[in-house]
Protein chains: 4
Amino acid sequence: MKIDLNSDLGESLGVWRMGDDAAMLGLVTSANVACGFHAGDPAGMLATLKAAAERGVAVGAHVAYPDLVGFGRRAMDIASADLVAGVVYQIGALQALARAAGTKVRYVKPHGALYNTIAHDARQARDVIAAIRAVDASLPLVVLAGAPLARWAADAGLRVVAEAFADRGYAPDGTLLPRGTPGAVLHDPTRVAQRMQRLVREGVVETADGSLVRLQADSICVHGDSPGALAMTTQVRHVLEGAGVTLAPFA
Amino acid sequence: MKIDLNSDLGESLGVWRMGDDAAMLGLVTSANVACGFHAGDPAGMLATLKAAAERGVAVGAHVAYPDLVGFGRRAMDIASADLVAGVVYQIGALQALARAAGTKVRYVKPHGALYNTIAHDARQARDVIAAIRAVDASLPLVVLAGAPLARWAADAGLRVVAEAFADRGYAPDGTLLPRGTPGAVLHDPTRVAQRMQRLVREGVVETADGSLVRLQADSICVHGDSPGALAMTTQVRHVLEGAGVTLAPFA
Amino acid sequence: MKIDLNSDLGESLGVWRMGDDAAMLGLVTSANVACGFHAGDPAGMLATLKAAAERGVAVGAHVAYPDLVGFGRRAMDIASADLVAGVVYQIGALQALARAAGTKVRYVKPHGALYNTIAHDARQARDVIAAIRAVDASLPLVVLAGAPLARWAADAGLRVVAEAFADRGYAPDGTLLPRGTPGAVLHDPTRVAQRMQRLVREGVVETADGSLVRLQADSICVHGDSPGALAMTTQVRHVLEGAGVTLAPFA
Amino acid sequence: MKIDLNSDLGESLGVWRMGDDAAMLGLVTSANVACGFHAGDPAGMLATLKAAAERGVAVGAHVAYPDLVGFGRRAMDIASADLVAGVVYQIGALQALARAAGTKVRYVKPHGALYNTIAHDARQARDVIAAIRAVDASLPLVVLAGAPLARWAADAGLRVVAEAFADRGYAPDGTLLPRGTPGAVLHDPTRVAQRMQRLVREGVVETADGSLVRLQADSICVHGDSPGALAMTTQVRHVLEGAGVTLAPFA
């Protein structure tokens with residue numbers, strides 16, 4: 001049994017700090033590094049990439065809409081020409097910084113509103129897929145487990161990596177409960193860790209109504225942007241390792 | 001006899017147009033493409049790269065300070081960590097867009113205030129050199145003919161390409177006359193073309209006081225941001241070709 | 001008979017030029033001046049405001065989504081707190097620049113995607129109305145003639161100024177034909193001018209199917225971002241003046 | 001005896017937090033609020049202004065160079081037209097937000113590299129002074145006690161407010177010890193508080209060589225961007241109040 005743990009890193013901007021990259025790099029196996037569109041300035045990105053390289057953590061391009069003030073969380077009606085070229089631009093920028101850091105970009109994971117939109121929006125999904133293929137068709141794309149995007153990307157020839165969210169509640173149909181819904185965000189580190197253990201060992205996750213849903217996931221997304229999130233990630237890692245699960249990058 | 005003609009292209013931004021890229025791509029042999037820091041949005045950069053690829057024009061990364069409103073023309077007291085990573089970021093972004101356009105980045109030419117500063121400022125010069133070496137040490141650096149930067153870059157192992165400016169006046173010591181000085185900017189297409197012909201054939205340029213100064217140049221920088229500049233470039237090309245000079249990328 | 005002619009000005013950005021502000025200031029009676037979010041840098045805005053003050057042209061705040069690369073034309077799912085404060089910020093910035101230019105901001109006109117969205121989106125409309133009221137409840141709001149926004153703004157106590165578009169086709173229900181539809185954009189200066197004359201004199205505009213629709217408009221929006229647009233504006237002004245219509249700011 | 005305590009607030013940006021504005025608003029009497037050029041997004045600025053209004057803290061415009069990534073700390077060779085209009089723009093934006101928050105902008109304090117530059121650079125100083133006069137000539141300008149700027153601003157008719165820095169060491173000539181020099185930054189809250197008490201009561205501050213220098217200050221600048229800085233500010237306030245000094249806005 002084997003799984004990847006991924007998290008969003010490199011999200012500081014100039015003097016503004018976010019998250020505890022150093023601590024997270026001791027816990028995760030893959031780091032989604034911001035590319036300057038929703039967060040990340042070049043010097044900070046390079047520092048995160050160097051730290052990831054030293055810790056043997058795989059790095060991916062965390063591409064986003066161009067929206068620093070909104071942190072890439074605002075849906076945007078962006079033209080295909082802009083979206084395709086913008087994703088290419090971000091991947092390339094991170095590739096060069098990764099080279100300077102002695103590592104390389106091993107996958108692409110869209111961020112925030114772009115992640116949510118392309119999970120089900122065929123046009124923007126096609127744009128992101130085209131961008132990845134234009135840069136390097138062998139780069140895997142990380143997608144929400146069960147989303148239509150998984151099939152679209154696979155049909156286009158991309159390797160698809162499905163991910164589950166450690167601290168999010170699931171509906172009986174395998175989709176995420178929308179934020180704001182009771183149970184949408186989980187806070188108990190022990191319970192979260194046990195759910196992820198079951199996901200890895202049995203391929204199921206308990207849903208909001210107590211039923212089980214099958215979920216195929218190659219990676220688990222965890223967060224480290226608060227002391228509580230960091231504690232939860234520590235617990236997830238501890239429980240999985242205790243259960244004999246090997247934590248390793250998918251890439 | 002052989003020389004390269006280079007010009008700054010891809011300097012539009014969103015709806016804002018600058019220069020006549022299509023016309024210039026029929027005249028020059030190398031295109032310095034903006035990388036998003038002083039000008040250029042990803043979709044516009046990609047369009048310029050595609051057009052350059054179609055015309056067989058070599059492309060280089062026109063890296064700059066992060067300053068859209070100032071068009072990269074304002075001197076900036078930027079820390080080394082920011083300058084190194086910023087240049088790496090820009091080169092990488094353009095490399096990926098070039099790949100998407102079916103071409104590749106063949107050189108680096110700093111823009112505006114960065115170009116002027118590193119010509120003689122050892123610290124910022126060292127930062128730019130380090131950035132290029134971190135991405136790809138085989139990328140040539142375009143420098144002002146005769147500037148200290150040429151030696152610093154060569155000592156660091158970079159290939160150096162010296163350029164002359166078609167429409168600028170020179171002092172007897174081979175430096176450019178500062179803008180604002182009488183004779184600093186030349187406007188007569190015929191005279192400009194003849195000067196460049198002499199530069200290529202004899203390796204000299206006439207200076208402000210009528211004396212000749214030796215100038216070794218691998219490339220001539222021309223402009224196309226106004227109808228007058230475009231006409232001058234057309235004339236330079238016409239005169240050089242008429243004199244049997246081969247126009248070809250240095251890269 | 002009296003009408004206002006308004007146009008979007010001050011939409012340059014740093015070195016990038018847009019439109020012919022000098023020519024348009026000789027034709028229009030109200031200038032919608034960009035506030036830095038979709039276009040406009042402070043120095044350019046100030047220059048436009050000074051020129052407007054010299055020509056006796058009224059100025060309004062052309063507020064927009066924060067989106068330079070998209071020129072404020074991309075729909076954006078912006079939170080109320082950001083939209084309200086962003087509109088306040090833009091109005092205030094322009095007010096101070098207007099003071100420095102010896103004039104003052106006399107109205108607010110949203111730009112691009114924000115204009116289109118609030119015409120019918122109650123939530124974002126409420127945010128823009130709240131922003132204007134927070135700065136100065138006596139500032140009129142320019143709206144698309146016939147849009148629900150007109151009523152919402154009036155109900156909130158704002159003075160509403162309805163505008164018609166000189167070069168746009170109308171559907172029989174008084175809405176604009178969507179761009180891309182045949183007849184959505186008109187190109188014949190004479191025909192456009194005659195339509196506007198009829199609008200002012202009779203309060204009707206001919207629609208796509210030849211029928212007439214009643215349209216109450218206090219202002220006509222014209223464009224000057226191309227030689228053709230400038231010629232059309234010149235013709236509209238010429239025809240209206242020839243018909244005895246007084247052109248004057250509504251404010 | 002009376003003195004003002006001022007601090008830099010509103011320096012968050014979107015999701016990125018900086019400092020503890022709520023705590024600081026309980027300690028200071030004047031808040032220098034970021035205006036969006038070096039920090040601060042409109043919604044965050046508005047929230048800080050509302051909190052300041054509730055606590056009865058006076059607010060000033062903390063104007064800066066346009067440089068988010070560099071936090072306004074990088075010297076910039078900015079043209080006068082851009083600097084004048086940029087300062088006008090920032091003051092106006094904050095004035096409107098202040099109005100929306102039920103308060104008003106009572107002074108101007110330049111930030112970071114702009115603050116340092118205009119302390120002694122006559123050209124940029126003149127630009128900032130002209131900008132303030134263009135918006136509202138009655139707005140006081142906060143300057144480094146003893147700097148040439150104080151005289152220039154007074155000669156131009158501005159009210160000048162001199163400030164001392166609580167945690168900085170002074171040279172015998174009354175200038176600040178450059179950062180990096182031993183003793184340039186003070187860390188002992190008790191010692192810092194006692195120095196400020198002596199400044200207020202006796203008009204002198206102890207310098208690096210143990211001598212005393214006369215310093216006329218209307219305000220003391222304190223920081224709250226770390227727990228240590230917050231503790232120091234608390235101590236300064238406590239000691240001053242214990243010594244019978246009245247803390248009140250200068251404005």
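Residues numbered from 1 in each chain as written. Chains lettered and ligands numbered in written order. Predicted model: local features only at pLDDT ≥ 70, side-chain atom pairs only at ≥ 80, totals over all residues. Heavy atoms only, no water.

**Section: unusual backbone geometry**
Residues and elements named next belong to chain A. Stated precisely, the cut-off is as follows: Elements are defined by DSSP. Helices are runs of H or I of four residues or more, strands are runs of E of two residues or more, and each kind is numbered from the N terminus. When a residue's accessible area, from a 1.4 Å probe over protein chains only, is under 20% of the maximum for its type it is buried; when over 50% it is exposed; and in between it is partly exposed.
With a phi close to 55°, phenylalanine 71 is a non-glycine residue in the positive phi region. Structurally, the position occupied by phenylalanine 71 is in the loop between β3 (58–62) and α3 (80–100). On the basis of relative accessibility, which here comes to 2%, the residue phenylalanine 71 falls in the buried class.

**Let's talk about the pattern of salt bridges**
Working definition: two side chains of opposite charge can pair if their charged atoms are close together. Short version of the rule: The working definition used for a salt bridge is a side-chain nitrogen of Lys or Arg within 4 Å of a carboxyl oxygen of Asp or Glu.
Inspection of the entire model under this criterion finds 24 salt bridges over all chains. Among the salt bridges present, the one from lysine 109 of chain B reaches glutamate 163 of chain B, with a minimum N-O distance of 3.0 Å. Of this pair, lysine 109 of chain B sits in the loop between β4 (105–108) and α4 (112–120) while glutamate 163 of chain B sits in strand β6 (residues 160–165), and the two are 54 residues apart along the sequence. The two residues lysine 109 of chain B and glutamate 163 of chain B agree in class, both being buried. Measuring nitrogen to oxygen at the nearest pair gives 3.1 Å for the salt bridge that ties glutamate 241 of chain D to arginine 237 of chain D. In this pair, glutamate 241 of chain D and arginine 237 of chain D both sit in helix α8 (residues 227–242), 4 residues apart, roughly one turn of the helix. Under the relative-accessibility criterion, glutamate 241 of chain D is labelled partly exposed at 41%.

**Focus on the relation of the copies chain C and chain D**
Selection criterion: A least-squares superposition brings the copies together, and it is based on the C-alpha atoms of residues with pLDDT no lower than 70 in both. We call two residues in contact whenever any of their non-hydrogen atoms come within 4.5 Å of each other.
Between the two copies, chain C and chain D, the superposition gives an RMSD of 0.0 Å; the rotation angle is 180° and the shift along the axis is 0.0 Å. The transformation relating the two chain copies, once decomposed into turn and shift, fits a two-fold axis. Here 100% of the contact residues of chain C are again contact residues in chain D; the copies associate through an equivalent surface.

**Let's talk about helix α4 (residues 112–120) of chain D**
Buried residues of α4 of chain D: Ala113, Leu114, Tyr115, Thr117, Ile118 and Ala119 of chain D, and no others. Buried residues along α4 of chain D sit in contact with α3 (80–100), α5 (122–136), β5 (141–144), α6 (148–155) and β6 (160–165) of chain D.

**Topic: the interface of chain A and chain B**
Applied cut-off: Reported buried area values correspond to the accessible surface (1.4 Å probe) lost by two parts on association, with both partners' losses combined. Residues adjacent in sequence count toward polar contacts only when both atoms are side-chain atoms; beyond that, a polar contact is any pair of N or O atoms within 3.5 Å, and within protein one must be able to donate a hydrogen and the other to accept it.
Taken together, the 23 residues of chain A in the interface contact 23 residues of chain B. Carbon and sulfur atoms make up 70% of the surface buried where chain A meets chain B, a total of about 1700 Å² over both sides. Considering only the side of chain A, the residues that lose the most area to chain B are Pro42, Tyr89 and Arg99 of chain A, jointly responsible for 33% of the buried surface there. Summed over the shared surface of chain A and chain B, the number is 0 salt bridges. Taken together, the links from chain A to chain B amount to 5 residue pairs in polar contact (both at pLDDT 80 or more). Breaking the side of chain A that touches chain B down by element, the ones donating at least two residues are α2 (42–55), α3 and α5 (122–136) of chain A. With 13 residues, α3 of chain A is the largest single contributor of residues to the side of chain A that touches chain B.

**Quick look at the interface of chain C and chain D**
Contacts between the two partners involve 23 residues from chain C, matched on the other side by 23 residues from chain D. Overall, the association of chain C and chain D removes approximately 1700 Å² of surface from exposure, summing both partners, and the carbon and sulfur fraction of that is 71%. When the buried area of chain C at its contact with chain D is split by residue, Pro42, Tyr89 and Arg99 of chain C rank highest and sum to 33% of it. Where chain C meets chain D, there are 0 salt bridges. Our count for the chain C to chain D interface comes out at 6 residue pairs in polar contact (both at pLDDT 80 or more). Looking at the side of chain C that touches chain D, the elements that each hand over two or more residues are α2 (42–55), α3 (80–100) and α5 (122–136) of chain C. For the side of chain C that touches chain D, the element with the highest residue contribution is α3 of chain C, accounting for 13 residues.

**A word on the relation of the copies chain A and chain B**
For the pair chain A and chain B, the relating rotation is 180°, the translation along its axis is 0.0 Å, and the fit reaches an RMSD of 0.0 Å. Mapped onto chain B, 100% of the interface residues of chain A again fall at the interface, so both copies present the same surface.

**Let's talk about helix α3 (residues 80–100) of chain B**
Heads up, the rule is: In this analysis, the expected span of each helix is defined as 1.5 Å times one less than the number of residues it contains.
For α3 of chain B, which comprises 21 residues, the first-to-last C-alpha distance of 30 Å matches the rise-based estimate of 30 Å (1.5 Å per residue) to within 8%. Burial runs high along α3 of chain B: 16 of the 21 residues are buried.

**Here we look at the pairing of strand β4 (residues 105–108) of chain C**
All names here are of chain C. Worth spelling out the cut-off: A pair of strands counts as paired when DSSP detects no fewer than two bridges linking them. The definition of a right-handed crossover adopted here requires that, viewed with the strands pointing away, the path from the first strand over the helix to the second runs clockwise.
Looking at chain direction, strand β3 (residues 58–62) and β4 are connected through 3 bridges and run parallel. In the strand pairing of β4, glycine 60 is matched with tyrosine 107. Where the polypeptide runs from β3 across α3 and back to β4, its parallel neighbour, the crossover connection is right-handed.

**Focus on the packing of aromatic side chains**
Our working rule: Note on aromatic pairs: the rings of Phe, Tyr and Trp (six-membered ring only in Trp) are paired at centre separations within 6.5 Å, and the planes decide the class, stacked below 30 degrees, edge-to-face beyond 60, tilted for the rest.
Summed over all chains, the structure comprises 18 aromatic pairs over all chains. Where tryptophan 16 of chain B meets phenylalanine 71 of chain C, the ring centres are 5.5 Å apart and the plane angle is 85°; that geometry is what we call edge-to-face. Residue tryptophan 16 of chain B is located in the loop between β1 (2–9) and α1 (21–25), and its partner phenylalanine 71 of chain C is located in the loop between β3 and α3; the two belong to separate chains. What makes tryptophan 16 of chain B buried here is its relative accessible area of 0%. Judged by centre distance (6.0 Å) and plane angle (85°), the rings of tyrosine 115 of chain D and phenylalanine 165 of chain D are edge-to-face. Of this pair, tyrosine 115 of chain D sits in helix α4 while phenylalanine 165 of chain D sits in strand β6; the two residues are 50 residues apart in sequence, bridging distant segments of the chain. In this structure tyrosine 115 of chain D comes out as buried when scored by relative accessible area, which is 8%.

**Quick word on the nonpolar core**
Selection criterion: In plain words, nonpolar cores are sets of buried Ala, Val, Leu, Ile, Met, Phe, Trp, Tyr and Cys residues tied together by side-chain atoms within 4.5 Å.
Counting residues in hydrophobic clusters, the biggest one holds 340 residues, and the most contacted among them are Ile220 of chain A, Ile220 of chain B, Ile220 of chain C together with Ile220 of chain D. With residues near it in sequence (within four places) discarded, isoleucine 220 of chain A still touches Ile3, Asp4, Leu5, Asn6, Ala164, Ala166, Met196, Leu199, Val200 and Leu240 of chain A.

**Here's the deal with the confidence of the model for chain A**
Going by this rule: What pLDDT expresses is the predictor's confidence in each residue, scored from 0 to 100.
Chain-level statistics for chain A give a pLDDT mean of 96 and a share of 100% at 70 or above. Overall fold confidence for the complex sits at a pTM of 0.96, while the interface term, ipTM, reaches 0.96.

**Brief notes about the side chain of glutamate 11 of chain A**
Heads up, the rule is: Counted charges follow a simple rule, with Lys and Arg positive, Asp and Glu negative, and His plus the chain ends left uncounted.
Within the element layout of this structure, glutamate 11 of chain A appears in the loop between β1 (2–9) and α1 (21–25). The buried charged residue glutamate 11 of chain A lacks any salt bridge partner; its closest oppositely charged side chain belongs to arginine 73 of chain A, at an N-O distance of 6.3 Å. If sequence neighbours within four positions are ignored, glutamate 11 of chain A has contacts with Met18, Ala34, His38, Ala39, Gly40, His62, Phe71 and His111 of chain A together with Trp16 of chain D.

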